[in-house]
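Chain by chain, the residues run as shown.
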Amino acid sequence: MQVISTPDAPAAIGPYVQGNVHNGILFASGQIALDPATGNLVGTTIEEQTAQVMKNIAAILTAAGTDFDHVIKTTCFLDDMDDFVAFNDEYAKSFPGHRPSRSAVAVEKLPKGALVEVEVIAAVD
């Protein structure tokens, strides 16, 4: 198993790693809208936070040697399901030619008061 770690994505805020690659599959930990440099939450809207989340995911994918075109599955956690449409609009920008399988659920609370968290599973060539 290969541990994925990059300074271009936020450091773990608990006992986990940014991602692990096993048998050609990246299992990335959920990302919230943290600035990798400061560890502070970025944005106050679902659109701003989703953009940062997807930027953080892009950094982890790159560090693992893959990209959004190889994402197999995402799991999306929303603080408020009323943000679903706005979240989808921003999320879709990362998948212009490919749509992974996905689950999206509302949760009671996310770390640091985040509005959204996304985790991915991706193929690594």
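See above for the structure.
Residues numbered from 1 in each chain as written. Predicted model: local features only at pLDDT ≥ 70, side-chain atom pairs only at ≥ 80, totals over all residues. Heavy atoms only, no water.

J.: What is the right way to look at the overall build of the protein chain in this model?
T.: Scanning the protein chain for helices and strands turns up two helices and six strands. Each principal axis of the C-alpha atoms in the protein chain carries an extent, and together these give about 35 × 30 × 20 Å. The proportion of buried residues among the 125 residues of the protein chain is 40%. Partitioning the intrachain contacts of the protein chain with sequence separation of at least 6 by distance along the chain shows that 68% fall at a separation of at least 24. Just so you have it, the protein chain exposes about 6400 Å², and 53% of that area is on carbon and sulfur atoms. The average position of the 7 basic charges and that of the 16 acidic charges among the side chains of the protein chain differ by 1 Å. (Helix = DSSP H or I, 4+ residues; strand = E, 2+ residues; numbered from the N terminus. Buried < 20%, exposed > 50% of the residue type's maximum accessible area, 1.4 Å probe, protein only. Contact = heavy atoms within 4.5 Å. Areas by Shrake-Rupley, 256 points an atom, 1.4 Å probe, with all protein chains shown as cover. Lys, Arg positive; Asp, Glu negative; His and termini not counted. Charge placed at Lys NZ, Arg CZ, Asp CG, Glu CD.)

J.: Any chance you could explain the packing of aromatic side chains here in plain terms?
T.: Note on aromatic pairs: each is described by the distance of the centres and the angle between the planes. According to the stated counting rule, one finds three aromatic pairs in the structure shown. With centroids separated by 5.2 Å and ring planes inclined at 80°, the aromatic side chains of Phe-68 and Phe-95 adopt a geometry described as edge-to-face. With Phe-68 in the loop between α1 (46–64) and β4 (71–78) and Phe-95 in the loop between α2 (84–92) and β5 (101–106), the pair connects residues that are 27 residues apart, well separated along the chain. For Phe-68, a relative accessible area of 15% puts it in the buried group. For Phe-95, a relative accessible area of 1% translates into the label buried. Summarising the aromatic geometry, the rings of Phe-87 and Tyr-91 are spaced 5.3 Å apart at their centres and angled 40° between planes, so their arrangement reads as tilted. Of this pair, Phe-87 and Tyr-91 are both found in helix α2, four residues apart, which corresponds to roughly one turn of the helix. Phe-87 gets classed as buried once you look at its relative accessible area, which sits at 0%. Counting every residue linked through ring pairs, the aromatic cluster contains Phe-68, Phe-87, Tyr-91 and Phe-95. (Phe/Tyr/Trp six-rings, centres within 6.5 Å; stacked < 30°, edge-to-face > 60°.)

J.: Hey, could you run me through the pairing of β4 in this one?
T.: On a regular strand, one side chain projects to one face of the sheet and the next to the other, so that they alternate. One ladder, built from seven bridges, connects β4 with strand β6 (residues 116–123); its direction is antiparallel. The residue bridging Val-71 from the neighbouring strand is Ala-122, located in β6. Across six bridges, the pairing between β4 and β5 is parallel. Bridge pairing in β5 places Lys-73 opposite Ser-101. Handedness of the crossover joining β4 and β5 through α2 is recorded here as right-handed. (Pairing = 2+ DSSP bridges. Right-handed = clockwise from strand over helix to strand, strands pointing away.)

J.: Whenever I open this one, the environment of Thr-38 confuses me. Can you help?
T.: Its location among the elements puts Thr-38 in the loop between β3 (25–28) and α1. Each C-alpha atom, one on Thr-38 and one on Pro-10, is 8.4 Å from the other, the two residues being 28 residues apart in sequence. Of note is the side chain of Thr-38, whose polar atom sits 3.1 Å from the backbone nitrogen of Asn-40. (Polar contact = N/O pair within 3.5 Å; in protein donor to acceptor, adjacent residues only side chain to side chain.)

J.: What is the right way to look at the nonpolar core in this model?
T.: Within soluble globular proteins, side chains that are nonpolar generally end up buried alongside one another. Counting 27 residues, the largest nonpolar core has Leu-26, Ile-57, Leu-61, Phe-87 and Val-118 as the members making the most contacts within it. Of all the secondary structure elements, the ones that give two or more residues to this core are β3, α1, β4, α2 and β6. Looking at this core, the element that brings in the most residues is α1, giving eight residues. When neighbours within four sequence positions are excluded, Leu-61 is seen to be in contact with Leu-26, Thr-66, Asp-67, Phe-68, Val-71, Val-120 and Ala-122. (Core = buried A, V, L, I, M, F, W, Y, C linked by side-chain atoms within 4.5 Å.)

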